[in-house]
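As a plain string of letters, each chain reads:
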Amino acid sequence: MLFLAMRSVRKRPGRFLATLLSAFLGAVIIMTFGSLHDTAAAPGVDEVSAESMTLSASVVGGYGSLLVFFAIASTLTVAVRQRAEEIRLLRCTGATPAQITRMVVGEAAVVALAGAALAVGPAVLGGRLLLGLFRDSGQVAATVAPAFGAMALGSGFGVALLASVGAAFLAVRRATRAAAGARGPARRRGRTWAGCAALVAGTGGVLTTYAVDPADEMLMAFPAYGAILLSVGFAVLAPALLGRILELLRGPLDALGGAGGYLSTRHLRRRGAELAGVLMPMIIFTGMATATLYIQGVESDWVTRSGLDRTVEDKNLETLNLVVVGIIVVFSCIMLVNSLYAATSYRRREFGQQRLAGATPGQVLGVVGREAVVLTLTGLVLGTAAGMAGIIPFTMVRTDQVLPDQGPGTWLAVMTVAAVATLGTSLGTARRALSTPAIDAVTVAA
Amino acid sequence: MFERKRKPGSRAAEALRLVSVSKVYGTGDGAVTALDGVTLSLPTGSFTAVMGPSGSGKSTLLQCAAGLDRPDRGQVVVDGEEMSGGGEAALTRFRRERIGFVFQQYNLLPTLTVEENTALPLRLAGRRADRENIRAVLTRVGLGERLGHLPDQLSGGQRQRVAIARALVTRPGVIFADEPTGALDTRSAREVLGLLKETVRLHGSTVVLVTHDPVAASYADSVLFLADGRLAGHLSAPTAEAVAERMTHLGGRVAGRHADNGPLMEV
C-alpha cells in the first residue's frame, strides 16, 4: 500500500499542494522558533540572552505549535474528505479498510515529511533573521551566534508529522466507515465530545491566567493557549448550532433570499462536517489575531509602565514582539485562504449540477457569496468571543482594567481582513470553477 | 393534472430542429470532427433514440442540441425558438425554459431532499414552485412517499426517477436523456424507460434518448443512427434485435452513409 501512496503522491502532485503548503509553512514557523532554543542552548551564551530567547521560544513558539497543529490537521481533514469517491472505488476494487487507511496515512506522512524537509532552509534563514531582531533590540548579546539543531528539527518534523498523520488517520477512518454504510449519531456524538473537551480545556487555560503571578513573564501563554482551544471547540460545535439556527429561520430566509438563499441555507444546514473544516481556520484566525495582538499591546504598555525594560530601548522591543506575533497571525490568515480555496475548488461538480438544474453562473456565485457571508459572520462572532476570552483575563491580571486601552481599531482591522479573505477567496475560486462547461464539471475526475 | 400553463396552441409542432450543425474539437492535426453537418427535425410528442458506436458524436449531438455546448456552425431550434449566441447566463435561461435533462449520473444536488431537488429548476427560474404540482409529479414517478429523503438515501432507480420528475416539472419542450439507464440494473432500467415512454404517450412530452443499448432504444418510436459525426440512417418502430443488427453493420455502412444524410430528415 505504500507503493500506492507513493504513486498517488507522484502522479497527482497538485492535489497535495494544499496539505504540503500547510505542512511547509507550519514547519517553518515551528523550526524558526525552535532554533531559538538551539541558539540559547549553545555553549558560551550568557544567561540573560539565553533567557529572553527561551522565553520567546516557549511562549510564542508554544502556542504557535498548537496553532500549527490544528491548522495542518484541519487542512488534512478537508483533503481526505474530498477523496470519498476514490476511497469508494478502492473499496470496490477489493482494498480492505486497513489498506486504505495505510495508503492515506502513508501519503499524509510522505507529504508532511516533504513539507518539513523543504522548511529547513527557510527556517534556518528565519531563525537568523529573528536572532538578528533580538540582537538589534538588545535582548540578546551581539556575540551570540545562530544555531540550528535538534530542538528546531525535532519540533518541526514532530508537529508536522503528528498533526498530518493523526488527522489523516481520523479522517480516513471516518471515510471508510461511511463507505461501509455506517452513519449517524455515533459520529456526531464523537464530534460533540471533542468540541466540548476543547472548550473545557480552553476555559481551563483562560482561567489559569488568574492563578499565575501577575508579573510572570510567561503569563501571556495561558490566555493564548486558551483562546486557541476555545476557537477549536467553537469551530467543532458551530456547524450543528448554525444548522439549528438556520432551521429556525428557514421561513424568512427562504422568503428573502430567493433561489440562491434557498440553496445556501440547505447547503449550510446539511453539510456540517465540511463547514467545520472551513470554520476552524476562520475562527482560529479571528480569535488568535484578536487575542494575541491585544495581549501583546497590553504587555508592551505594561513593560513600558513598569520600567522593566531599563536595559533596552522600548521601541525595539515592541517591534520585536509585534513581528513575532505577526508571524503567527499571517500564518493563520494564509491557512484560512488555503482551506477556503481547497474547499471551494472541490465544489466544482456541485456547481456544475446547480447549473444543469438551471442556475446561471451569477446565481451560483450568489449562492457561494451568501454562504461566505454566513460563514464570515459566524467566524467573526465566535472568533471575537474566543479572542475576548483570552484578552479579558490577561488584561485583568496584568493591569487593573478589564478591557485594554487599545480601542477597537485592531479588532476592526482583523475582522475586515477575515471578511475580505473569505469573500475574496470563495468568490474568486468559484468564478474560476465556473469557467469549465457545466457538463464537464459534473463528470467525476477521480 | 399536467396540462401546460401555456396555451395548447403555443407549443410548436416541431420540438427540435437542427440545421447543418457541425462541431470540431481541437485545432490543426489533432482536430476531431465530432459533428459533420447534421440536419434533423423531431416533431412534438415524439420519442427518439440516438444510437451509434462510441466516438460517433452522440454526446456532442446531445450537448449541442441541448445548449450545453455551442456548435461551430449550424442552427438549433428548440420548441420554435432559435438558440442564439449570448453568454452562459443567456444560454442557461434558454435551457431552463425549454429543456429538461436526465443524466446517467443523475446529477441531483446531494444537500436537497427529493421534493427540493424537483422544485429547484422552478425556483431558479423565479417561477412559483406549486407544492401540489410537485408532489403530483413525484407521485406519478412513484416517489410520493419519499418527499423528504436525501438522494443518498435512495436507490439508483429511485434517484433517476427523481431526475425525471425534475425534468418534467418545468414542462420543457424537449427532454434529453443521456444514457439514463447506464448505471441501473435491468429492472430499474425498464421502469425508467417505461416512465419516459409514458410521459410521451400520456402527456405529450418530447424525449430524445441517447444510448448505446439496443434494448433501451427499442422503447423509442424511432431510432436515429450516427456514425463519424453524421446521420447514418433511421429505423421506425424499432425492436431490440433490429437495432442491434443495424449497429453491427454500422461500421460497414461508411460508404453508403452519405445517401442517408439528406438535407432534412423527417422522423
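Residues numbered from 1 in each chain as written. Chains lettered and ligands numbered in written order. Predicted model: local features only at pLDDT ≥ 70, side-chain atom pairs only at ≥ 80, totals over all residues.

Details of the interface of chain A and chain B
The interface of chain A with chain B comprises 22 residues on the first partner and 22 residues on the second. Of the residues belonging to the side of chain A that touches chain B, the class tally is ten nonpolar, seven polar and five charged. (Contact = placed C-beta atoms within 7 Å. Nonpolar A, V, L, I, M, F, W, Y, C, P; charged D, E, K, R; others polar.)

Here's the deal with helix α1 (residues 58-65) of chain B
Residues and elements named next belong to chain B. The buried count for α1 comes to seven of eight residues, which makes it a mostly enclosed element. Turning to α1, its buried residues are K58, T60, L61, L62, Q63, C64 and A65. Of the residues one or two after α1, G67 is the one with positive phi, at around 75 degrees. (Buried ≥ 20, exposed ≤ 12 C-beta atoms within 10 Å, placed from the backbone. Helix = DSSP H or I, 4+ residues; strand = E, 2+ residues; numbered from the N terminus.)

Quick look at the nonpolar core
Membership of the largest hydrophobic core comes to 209 residues, with the highest contact counts inside it found for I72, I228 and L279 of chain A together with I164 and V208 of chain B. Counting the residues that make up this core, at least three belong to each of domain 1 (1-183) and domain 2 (185-446) of chain A. (Core = buried A, V, L, I, M, F, W, Y, C linked by C-beta atoms within 7 Å. Domains from an automatic or database assignment.)

Description of the domain arrangement of chain A
When the parts come together, some accessible area is lost, and that loss is often what is quoted as the size of the interface. Residues and elements named next belong to chain A. For chain A, the assigned domains are domain 1 (1-183) and domain 2 (185-446). Computed from C-alpha atoms alone, the centre-to-centre distance between domain 1 and domain 2 is 21 Å. Between domain 1 and domain 2, the contact holds 33 residues from the first and 38 residues from the second. Along the lines of polarity and charge, the residues of the side of domain 1 that touches domain 2 split into 17 nonpolar, eleven polar and five charged.

Brief notes about the sheet that holds strand β5 (residues 81-82) of chain B
For sheets, the rule is that strands pair by backbone hydrogen bonds, running either parallel or antiparallel. Residues and elements named next belong to chain B. Taking strand neighbours across the sheet as the criterion, the four strands line up as β2-β1-β4-β5 in an open arrangement whose pairing is antiparallel. Strand pairing shows two members of the sheet lacking a second neighbour, β2 (32-43) and β5, which therefore form its edges. In this sheet, strand β4 (residues 73-78) lies alongside strand β1 (residues 14-25) in antiparallel orientation, the contact comprising five bridges. When the sheet's bridge partners are listed, L18 is paired in β4 with V76. (Pairing = 2+ DSSP bridges.)

Some remarks on the packing of helix α3 (residues 114-124) of chain B against helix α5 (residues 156-168) of chain B
All names here are of chain B. Two numbers describe how α3 lies on α5: the axes approach to 7 Å, and their chain directions differ by 30 degrees. By the angle between their axes, α3 is roughly parallel relative to α5. When you trace α3 past α5, the crossing you get is right-handed. Every residue of α5 that contacts α3 at V114, N117, T118, L120 and P121 is listed here: V162, A165 and R166. The class makeup of the residues in the contact of α3 with α5 is five nonpolar, two polar and one charged. (Axes fitted to C-alpha atoms, helices over the stretch in contact; angles between N-to-C directions. Parallel < 35°, antiparallel > 145°, perpendicular 65-115°, else oblique. Left-handed = near helix turned anticlockwise from the far one by under 90°.)

Digging into the pairing of β4 of chain B
Pairing of β4 of chain B with β5 of chain B involves two bridges; the strand directions are antiparallel. What sits directly across from V78 of chain B, in β5 of chain B, is E81 of chain B.

Here we look at the packing of α3 of chain B against helix α4 (residues 131-140) of chain B
Residue and element names in this part refer to chain B. Running from amino to carboxyl end, α3 crosses α4 at an angle of 115 degrees, the nearest separation of the two axes being 10 Å. For the element pair α3 / α4, the angle class is roughly perpendicular. When you trace α3 past α4, the crossing you get is right-handed. Here V114, E115, T118 and A119 of α3 lie close against α4, whose contacting residues are I134, V137 and L138. Taken together, the residues of the contact of α3 with α4 break down into five nonpolar, one polar and one charged.

Quick look at the confidence of the model for chain B
Residue and element names in this part refer to chain B. Of the residues in chain B, 90% reach a pLDDT of 70 or more, and the chain-wide mean stands at 85. When the criterion is pLDDT under 50, residues 1-9 qualifies, and its contacts beyond four places in sequence or with other chains add up to four contacts. Low pLDDT (under 50) marks residues 253-267, which in the prediction has 25 contacts with non-local residues, meaning those over four places away or in another chain. Predicted complex, confidence summary: ipTM 0.79, pTM 0.79. (pLDDT = per-residue confidence, 0-100.)

Here's the deal with the sheet that holds strand β7 (residues 174-178) of chain B
All names here are of chain B. The six strands are arranged β6-β7-β8-β3-β9-β10 in an open sheet whose pairing can be described as mixed. Each edge of the sheet is formed by a strand with only one pairing partner; in this case those strands are β6 (99-103) and β10 (230-236). Taking each pair of neighbouring strands and ignoring which way they run, the sheet shows an average axis angle of 20 degrees. By the bridge criterion, four bridges tie β7 to strand β8 (residues 207-210) in an arrangement that is parallel. Within β8, the residue paired with A177 across the bridge is L209. Across the sheet, α5 lies against β6 and β7, angled at about 175 degrees from β6, the strand it touches most.

Digging into the environment of V200 of chain B
Residue and element names in this part refer to chain B. Secondary-structure assignment places V200 in helix α6 (residues 186-203). For V200, a count of 19 C-beta atoms within 10 Å corresponds to the partly exposed category. Sequence-wise, V200 and I175 are 25 residues apart; in three dimensions their C-alpha atoms are separated by 9.9 Å. Beyond its immediate sequence surroundings of up to four residues, V200 is in contact with G45, F47, S205 and V207.

Some points on α4 of chain B
Residue and element names in this part refer to chain B. The set of residues buried in α4 consists of I134, V137, L138 and R140. Within α4, the buried residues cover an arc of 160 degrees as seen down the axis, which keeps them to one side. Of the residues in α4, the exposed ones pointing more than 90 degrees away from the buried face are R131 and E132. In the core, the buried residues of α4 are packed alongside α3 and α5. (Arc of directions from axis to C-beta.)

Comments concerning the environment of M415 of chain A
Residues and elements named next belong to chain A. Summarising the element assignment, M415 is placed in helix α14 (residues 409-433). Sequence separation of M415 and T290 is 125 residues, and the distance between their C-alpha atoms is 8.8 Å. M415 has contacts with T286 and L380, leaving out every residue within four places of it along the chain.

Structural notes on the pairing of β2 of chain B
Residue and element names in this part refer to chain B. As defined by bridge partners, β1 adjoins β2 across eight bridges and the pair is classed as antiparallel. Along β2, the bridge assignment pairs L18 with L40. Here β1 folds back onto β2 in antiparallel fashion, the turn holding six residues, of which G26 has a positive phi close to 80 degrees.

Thoughts on the environment of R201 of chain B
The topology assignment puts R201 of chain B in helix α6. Considering only alpha carbons, one finds R201 of chain B and G45 of chain B, 156 residues apart in sequence, at a separation of 7.6 Å.

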